[in-house]
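Okay, here's what each chain looks like letter by letter:
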Amino acid sequence: MNDRLSYEEKKELPDSVFGLPERREYPMPDAAHVRAAEAYFRYCPEELKSRLAKAILERAKEFGVDVESPTVLSYAR
């Protein structure tokens, strides 16, 4: 599975699948993208990290993905 979305594919996604919907960043339409969001978490602006971490955990639960990043887990608290 590819974790890259084309511009067109990304444009078609509903806001609800994005980790940061207001910015349409960190799309998580499937398990591969949940893992990608976890991997790219460090690039998220500091003030948005806790919101993104919670979104990653929420989407991970939907897709049965185990979030292993201690950083993501600590921001989700």
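Residues numbered from 1 in each chain as written. Predicted model: local features only at pLDDT ≥ 70, side-chain atom pairs only at ≥ 80, totals over all residues. Heavy atoms only, no water.

## Focus on the packing of aromatic side chains
Geometrically, a pair of aromatic rings is defined through the distance of the ring centres and the angle of the planes. Inspection of the entire model under this criterion finds 2 aromatic pairs. Relative to Tyr 43, the ring of Tyr 40 has its centre 6.2 Å away and its plane inclined at 35°; by these criteria the two rings are tilted. You can call Tyr 40 partly exposed: its relative accessible area is 38%. (Phe/Tyr/Trp six-rings, centres within 6.5 Å; stacked < 30°, edge-to-face > 60°. Buried < 20%, exposed > 50% of the residue type's maximum accessible area, 1.4 Å probe, protein only.)

## Section: the environment of Arg 24
The topology assignment puts Arg 24 in the loop between β1 (18–20) and β2 (25–27). Sequence separation between Arg 24 and Ala 53 is 29 residues; the distance between their C-alpha atoms is 15 Å. If near-sequence neighbours (up to four positions away) are discounted, Arg 24 is found in contact with Lys 10, Lys 11, Leu 13, Pro 14, Asp 15 and Phe 18. Side-chain polar atoms of Arg 24 contact the backbone oxygen of Lys 10, separated by 2.9 Å. Among the polar contacts listed, one links the side chain of Arg 24 to the side chain of Asp 15, at a separation of 2.3 Å. (Helix = DSSP H or I, 4+ residues; strand = E, 2+ residues; numbered from the N terminus. Contact = heavy atoms within 4.5 Å. Polar contact = N/O pair within 3.5 Å; in protein donor to acceptor, adjacent residues only side chain to side chain.)

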